[in-house]
Amino acid sequence: MKILLRFLGFLFAAGTIVFIVGVAGAAAVIWHFSKDLPDYTQLKNYEPPVMTRVHAADGSLLAEYADERRLYLPIQAVPKLVINAFIAAEDKSFYQHPGIDISGIARAALLYVENFGSSRRPQGASTITQQVAKNFLLTNEVSITRKIKEALLALRIERAYSKDKILELYLNQIYLGLGAYGVAAASLLYFDKSVHELTVAEAAYLAALPKGPNNYNPFRRREEAIARRNYVIDRMVEDGFITADAGNKARKEPLDIAVRPTGARTFEAEYFAEEVRRYIFENYGEKKLYEGGLSVRTTLDPKLQVMARRAMVNGLVNFDETQGWRGPVARIDIAGDWGVALADVKSLSDVNPWRLAVVLDVNDQSARIGLQPPRDPGGNIVKAREIGILPLEGVKWAKPAGGPSKPIKLVTQVLSRGDVVYVEPTKEQGQFRLRQVPEISGAMVVMDPHTGRVLAMVGGFSYDQSQFNRATQALRQPGSSFKPIVYAAAIDNGYTPSTIELDAPIEIDTGQGGGGVWRPENYGGKFYGPSTLRFGLEMSRNVMTVRLAQDIGLPLVAEYAKRFGVYDNLPPYLSYALGAGETTVLRMVTAYSMLDNGGRRVKPTLIDRIQDRYGHTIYKHDQRECIGCDADTWHNQPEPKLIDHRELVIDPMTAYQITSMMEGVVQRGTATVLRDVGKPIAGKTGTTNEEKDVWFIGYSPDIVCGVYMGYDKPRHIGRLATGGHLAAPVVRDFLKQALADKPPIPFPVPPGIKLIRVDAKTGVRAAPGDTHVILEAFKPGTAPPDNNSALAAEAGIGGGAGQMSISPDSAAGAVRTGTGGLY
């Protein structure tokens, strides 16, 4: 008995010693690993990288920019279904354990012993809290040391934060594949849905991904992805989160992935979106752009953008086809499966509905073509093959470029087997029309003249082909489209639309060695003698403009060019009065907006407002003061009033007179194609020297549209290529659509303007019975006299008649720079 008692005493003492040693050892381990644990309190101020989202003016999503595609959701905004799916998949006892799961650790330890010595990765037993500790504070190192630190941090995190806060951190931080971080971004990227729209099967699939997104990729490892999803569904049924019937129904659902595009949401707006991205990058920095969670509301009108791109593309393509067929994009071997070879040919992704096709068979009347097969989101070529017919009618335009202009009578004159070409579907089912990517390019800008908001922007034929934005980056000569600025400077300083200027040959001594002389010419070579300024602008008379600029002085022209933002420093050469300097479409459209709105300065913008991740406004374009707009309720107070402090860059009466003269450009002058719009339109054509660029900028009372066309490496466009023939029809096609549902609205006449009947040719008051009469706008005290005796007097303002020699100081460089404006 004593021996037994002694033995029991020994066991007790030994057990006590072992216990004390174990506790001491555990304490020592905890102390050792606790010394350099990360500061878990930083989770309190957690600000994860969040994507910047760019929206159009109507709220539709335009683009997203992020290093980590994440949308942060507070736990209150996460549906219970999604929460339950993740808990079932990752940590069913999440709401019960203190941060670590003892039973899970035991299972993982047992498996570790069983697999010891093998190459298999040890199974983890991490709770959601431990995953938060690892993802936020530790590394992915596979070691006992990291697991101990992870467990210690989990215990501390559980004491410091609520279960809901821990779950919120987890659901927003976890990586779920396809570049998506957090459940909100993953729901959009995988299913193009918000988390509130997810089905049981979709929520289960997202909950299956934390174990290894690449292991359950829905495109490369579809069977494994479905199996893992169904496993999560089973766990949800077992844990009582869904019924057995709901689980059975969810398991039968196919895994339908609708990957959300990650670029500009509307292909027509990619130049616009890139311009916005560049602005944010330059003004707020890379970190704010890709991690700051900015919400950017842009000025883009999606409907107008679609119209603008369609009109611009049609204009470029229509002209390019007149230049002839330059041959196929490529040639491939069509033996065997032609679809694989065709899929490897690089195609432009933003020229819908155009598609690449290969000629399979060809005869005199048609060609049988195979369309380029699409790829699924995983990059796999779709197996189905589409066949179409390219009839003779669809290739008749394709005369050889640079060759004899003989009509195309046979398809075999144009195409051969194996040719890879672009085609566009026609209204006839299964039939297509031959297309080619145009060599000529150009740009269009559409602006609200009252605010400077850019409503649409086209920077070229295809963003996929060239990211160079010709609307904002291309410096081109505006040609005669600059003339309204010269005329505005004159009329703002005493001239009237009826002032007489001489349209006659002029010689300008440039002062260069060898006696260089510049003789500006009118388009067509004709001269009309003494003519009104209105006639000079309507018919784009170069010599009249040069004389006018010489009369008022080039410093004044340069000042107005700077006021309107066309040029910062206009060189003192008379050729620059004809638009020989280089500027951008955006600058020119902004200048015309100031003429349209009555002379108010506008600053062009693509952005209305920028808010940070907390909803605070950090940028707003509209700086007008609104008195009474902050009232909470109505107490019979005066209506809110907008106070506009913007500078007047020109007399509103001058702005109207120039607008009236440019209405004449459309009605009688160089842009009569715009009469088809059927609404009041003002505008001006422009064609540069040697016909390298063609322009037209036109406007109604509430919208301004500017277009230029030309080759990226400037060269002669073609014989008789003018702004009136090439650029103006593009603006016409756009404005006909943009203004289709709007009533005709005349340009508002500012107070003080007098509209007087005058002879359209002489500018003097019209006599009773005169037929060629127009209503002309005059400022107070500038109306013409009642008889024709003033004609000779006013002609004197024009600087004389016949040949004229101008001093070298005012004309130097005219020959060197060339004449900018023609027609």
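For the structure, see preceding data.
Residues numbered from 1 in each chain as written. Predicted model: local features only at pLDDT ≥ 70, side-chain atom pairs only at ≥ 80, totals over all residues. Heavy atoms only, no water.

Which residues make up the overall build of the protein chain, and what values go with them?
Helix and strand content of the protein chain: 24 helices and 27 strands. Looking at the protein chain as a whole, 52% of its 823 residues are labelled buried. Considering only residue pairs separated by 6 or more positions, the protein chain has 70% of its internal contacts joining residues 24 or more positions apart. For the protein chain, the exposed surface amounts to about 38,000 Å²; the carbon and sulfur share of it is 54%. (Helix = DSSP H or I, 4+ residues; strand = E, 2+ residues; numbered from the N terminus. Buried < 20%, exposed > 50% of the residue type's maximum accessible area, 1.4 Å probe, protein only. Contact = heavy atoms within 4.5 Å. Areas by Shrake-Rupley, 256 points an atom, 1.4 Å probe, with all protein chains shown as cover.)

How would you summarise a nonpolar patch on the surface if you had to cite specific residues and measurements?
A cluster of nonpolar side chains, contributed by Val749, Leu755 and Leu775, occupies part of the molecular surface with about 260 Å² of accessible area. Tracing the backbone shows Leu775 in strand S26 (residues 773–778). (Patch = residues over 30% accessible without salt bridge, like charges linked within 9 Å, V, L, I, M, F, W, Y side chains within 5 Å. Salt bridge = Lys/Arg side-chain N within 4 Å of Asp/Glu carboxyl O.)

Break down the state of the cysteines for me, citing the residues and quoting the values.
Considering all chains together, one arrives at one disulfide under this definition. Across a sulfur-sulfur distance of 1.4 Å, Cys626 and Cys629 are joined as a disulfide pair. We classify Cys629 as partly exposed; its relative accessible area is 45%. (Disulfide = S-S within 2.5 Å.)

Just give me the short version of the pairing of strand S2 (residues 61–65), but keep the residues and values in it.
Burial analysis of S2 places five of its five residues in the buried class, which makes it a mostly covered element. Pairing of strand S1 (residues 52–55) with S2, which is carried by four bridges, proceeds in the antiparallel orientation. Note that in S2 the partner of Val54 across the bridge is Ala63. (Pairing = 2+ DSSP bridges.)

Tell me about the pattern of salt bridges, residues and numbers included.
A full pass over the atoms with the stated rule returns 43 salt bridges. Note that Arg221 and Glu224 form a salt bridge whose closest N and O atoms lie 3.7 Å from each other. A salt bridge links Arg368 to Asp361; its shortest N-O distance comes to 2.8 Å. Using a relative accessible area of 35% as the deciding quantity, one classes Arg368 as partly exposed. Among the charged side chains, a salt-bridge network with shared partners connects Glu274, Glu275, Arg277 and Arg278.

Tell me about the pairing of S1, and name the residues and values.
Burial along S1 is two-sided: the residues Thr52 and Val54 and Arg53 and His55 are all buried. Hairpin connection between S1 and S2: a loop of five residues separates the two successive antiparallel strands, and Gly59 in this loop has a positive phi of roughly 95°. Pairing between S1 and strand S5 (residues 295–298): three bridges, direction parallel. Within the sheet, the bridge partner assigned to Val54 lies in S5 and is Val296.

Pulling in residues and values, what's your account of the packing of helix H15 (residues 483–491) against helix H20 (residues 652–667)?
Contact geometry for H15 and H20: axes closest at 10 Å, N-to-C directions at 135°. One finds that H15 runs oblique with respect to H20. For the crossing formed where H15 meets H20, the hand is right-handed. Between H15 and H20, the residues in contact are Pro484, Tyr487, Ala488 and Ile491 and Thr654, Gln657, Ile658, Met661 and Met662, respectively. (Axes fitted to C-alpha atoms, helices over the stretch in contact; angles between N-to-C directions. Parallel < 35°, antiparallel > 145°, perpendicular 65-115°, else oblique. Left-handed = near helix turned anticlockwise from the far one by under 90°.)

Quick one: what's the story with helix H21 (residues 723–738), residue by residue and with numbers?
Counted at 1.5 Å a residue, the expected span for H21 with its 16 residues is 22 Å, and the 21 Å between its end C-alpha atoms agrees. Of all bends in H21, the biggest is about 30°, found at Pro729. Counted residue by residue, H21 has 12 buried out of 16 residues, so it is predominantly covered. Within the span of H21, buried status applies to Gly723, Gly724, Leu726, Ala727, Ala728, Pro729, Val730, Val731, Arg732, Phe734, Leu735 and Ala738. For H21, the elements touching its buried residues are helix H13 (302–322), strand S12 (441–447), strand S22 (682–687), strand S23 (693–700) and strand S24 (703–710). (Expected span 1.5 Å × (residues − 1). Bend = angle between axes of the 7 residues up to and from the residue.)

Any chance you could break down the sheet that holds S5 for me, citing the residues and the numbers?
On the basis of which strands lie adjacent, the open sheet formed by five strands has the order S2-S1-S5-S18-S19 and mixed pairing. For this open sheet the edge positions go to S2 and strand S19 (617–620), each flanked by a neighbour on one side alone. Along the sheet, successive strands turn relative to each other by an average axial angle of 15°, direction set aside. Judged from the four bridges that link them, S5 and strand S18 (residues 607–611) form a sheet pairing that is antiparallel.

Account for unusual backbone geometry, naming residues and giving values.
Most peptide bonds adopt trans geometry, and most residues besides glycine take a negative phi value. That bond from Asn352 to Pro353 is cis: its omega, 10°, falls within 30 degrees of zero. Here Pro353 shows up in the loop between helix H14 (338–343) and strand S7 (355–362). Although it is not a glycine, Leu178 adopts a positive phi angle of roughly 55°. Looking at the element boundaries, Leu178 is found in the loop between helix H6 (163–173) and strand S4 (180–181).

Requested: an account of the sheet that holds S12, with residues and values cited.
In any sheet, the strands associate via hydrogen bonds between backbone groups, in a parallel or an antiparallel arrangement. Read across the sheet, five strands follow the order S13-S12-S24-S23-S22 without closing on themselves; strand pairing throughout is antiparallel. Across the chains shown, the open sheet's two edge strands, defined by having one partner strand only, are strand S13 (454–458) and S22. Going from strand to strand, the sheet's axes swing by 5° on average, the running direction of each strand aside. Relative to S24, S23 is paired through eight bridges, and the arrangement is antiparallel. Note that in S24 the partner of Phe696 across the bridge is Val707. Contacts between H13 and the sheet are confined to S12, S13 and S24, with S13 contributing the most and set at about 30° to the helix.

So what's going on with the nonpolar core? Residues and values would help.
Met444, Phe564, Leu674, Met709 and Phe734 are the most contacted members of the largest nonpolar core, which totals 139 residues. Sorting elements by how many residues they give to this core places H13 first, with nine residues. If you look at the next biggest cluster of nonpolar residues, it comprises 59 residues, including Leu73, Tyr161, Leu206 and Leu209. (Core = buried A, V, L, I, M, F, W, Y, C linked by side-chain atoms within 4.5 Å.)

So what's going on with the packing of aromatic side chains? Residues and values would help.
Overall, the coordinates contain 17 aromatic pairs when judged by the stated rule. Centroid distance Tyr175 to Tyr181: 4.8 Å. Interplanar angle 50°. Geometry classified as tilted. With relative accessibility at 34%, the residue Tyr175 sits in the partly exposed group. Look at Tyr528 and Phe535: their rings are 5.3 Å apart centre to centre, the planes differ by 70°, and that puts the pair in the edge-to-face class. Judged by its relative accessible area of 45%, Tyr528 is partly exposed. When its relative accessible area of 23% is taken as the criterion, Phe535 is described as partly exposed. (Phe/Tyr/Trp six-rings, centres within 6.5 Å; stacked < 30°, edge-to-face > 60°.)

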